[in-house]
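Structural description and commentary
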Amino acid sequence: MNITLRRTVATAAVAAGLVGIAAGTASAKSDLSISVNAHTRHVGQSVHVTARGDDDAARVTYVCIDERIGAGAWRQLACSPKAGRQLVLNARADRKGQEQFRSRLLVSRGGRLVTDRTSAPITVTVR
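The following paragraphs examine the structure supplied in this document.

Rules and cut-offs
Residues numbered from 1 in each chain as written. Predicted model: local features only at pLDDT ≥ 70, side-chain atom pairs only at ≥ 80, totals over all residues. Heavy atoms only, no water. Helix = DSSP H or I, 4+ residues; strand = E, 2+ residues; numbered from the N terminus. Buried < 20%, exposed > 50% of the residue type's maximum accessible area, 1.4 Å probe, protein only. Contact = heavy atoms within 4.5 Å. Areas by Shrake-Rupley, 256 points an atom, 1.4 Å probe, with all protein chains shown as cover. Core = buried A, V, L, I, M, F, W, Y, C linked by side-chain atoms within 4.5 Å. Salt bridge = Lys/Arg side-chain N within 4 Å of Asp/Glu carboxyl O. Disulfide = S-S within 2.5 Å. Pairing = 2+ DSSP bridges. Axes fitted to C-alpha atoms, helices over the stretch in contact; angles between N-to-C directions. Polar contact = N/O pair within 3.5 Å; in protein donor to acceptor, adjacent residues only side chain to side chain.

Regarding the overall build of the protein
If you tally the helices and strands in the protein, you get one helix and nine strands. The linear arrangement of helices and strands in the protein, starting from the amino end, is α-β-β-β-β-β-β-β-β-β. Going through the 127 residues of the protein one by one, you find that 30% of them count as buried. Look at the contacts in the protein between residues 6 or more apart in sequence, and 60% of them connect residues 24 or more apart. For the protein, the exposed area adds up to about 8,200 Å²; of that, 52% sits on carbon and sulfur atoms.

Some points on the nonpolar core
Core analysis: the largest hydrophobic core is formed by 18 residues, its most contacted members being Ile34, Val36, Val47, Val49, Ile65 and Phe101. Those elements that provide at least two residues to this core are β1 (30–36), β3 (46–55), β4 (61–69), β6 (86–92), β7 (97–109) and β9 (122–126). Valine 49 has contacts with Ile34, Ser35, Val36, Ile65, Leu87, Val88, Leu89 and Phe101, leaving out every residue within four places of it along the chain.

Things to note about the pattern of salt bridges
Counted under the stated rule, the structure contains seven salt bridges. Among the ionic pairs, arginine 109 bridges to aspartate 116, the shortest N-O distance being 2.9 Å. Under the relative-accessibility criterion, aspartate 116 is labelled partly exposed at 24%.

With respect to the state of the cysteines
For the structure shown, the criterion picks out one disulfide. A sulfur-sulfur distance of 1.9 Å marks the disulfide that ties cysteine 64 to cysteine 79. Given an S-S torsion of about 105 degrees, the disulfide between cysteine 64 and cysteine 79 has right-handed geometry. Taken together, the residues span a long stretch of sequence, with cysteine 64 in strand β4 and cysteine 79 in strand β5 (residues 75–79) at a distance of 15 residues.

Observations concerning the sheet that holds β6
Sheet strands associate in pairs through backbone hydrogen bonding, adopting either a parallel or an antiparallel arrangement. A sheet is described by the order of its strands in space; here three strands give the open sequence β1-β3-β6, paired in antiparallel fashion. Two strands bound the open sheet, and with one partner strand each, they are β1 and β6. Taking each pair of neighbouring strands and ignoring which way they run, the sheet shows an average axis angle of 15 degrees. Both β1 and β3 contribute to a ladder of seven bridges, which runs antiparallel. The residue bridging serine 35 from the neighbouring strand is threonine 50, located in β3.

Looking at the environment of valine 114
Within the secondary structure layout, valine 114 lies in strand β8 (residues 112–118). Excluding anything up to four places from it in sequence, valine 114 contacts Leu105, Leu106, Val107 and Arg109.

With respect to the side chain of arginine 104
Relative to the helices and strands, arginine 104 resides in strand β7. We classify arginine 104 as buried; its relative accessible area is 13%. A distance of 2.6 Å separates polar atoms of two side chains, one belonging to arginine 104 and the other to aspartate 66. At 2.8 Å, the side chain of arginine 104 forms a polar contact with the side chain of glutamine 76. Excluding its chain neighbours within four sequence positions, the residues that come into contact with arginine 104 are Leu32, Tyr62, Val63, Cys64, Asp66, Gln76, Thr115, Arg117 and Thr118.

Here you go:
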């Protein structure tokens, strides 16, 4: 094998090794979503709210659903009772106007539960 061919083979082997190393790096995956069964409700009707979330880098995760009526403050409606990836609830629409829901993903860090991420709010119009 001539010297030029050896260099080409060696360069190709090093490049292939670097591609293999880059492809093998791990990355943590975290996701969070929220959905409702309808974007318009009448007073007295319920809104079916579903939140899903997970973080594979955290040992313990909880999913919570928050609600805000109009421009008021956010209030927590519920959190998954055990470490979980999904929470489903029915929220009764009590007043006319805009009602918003969001989900939060809580993770355990240093023995404390902290908010990892918060979803974008989803709006329901109550008539």
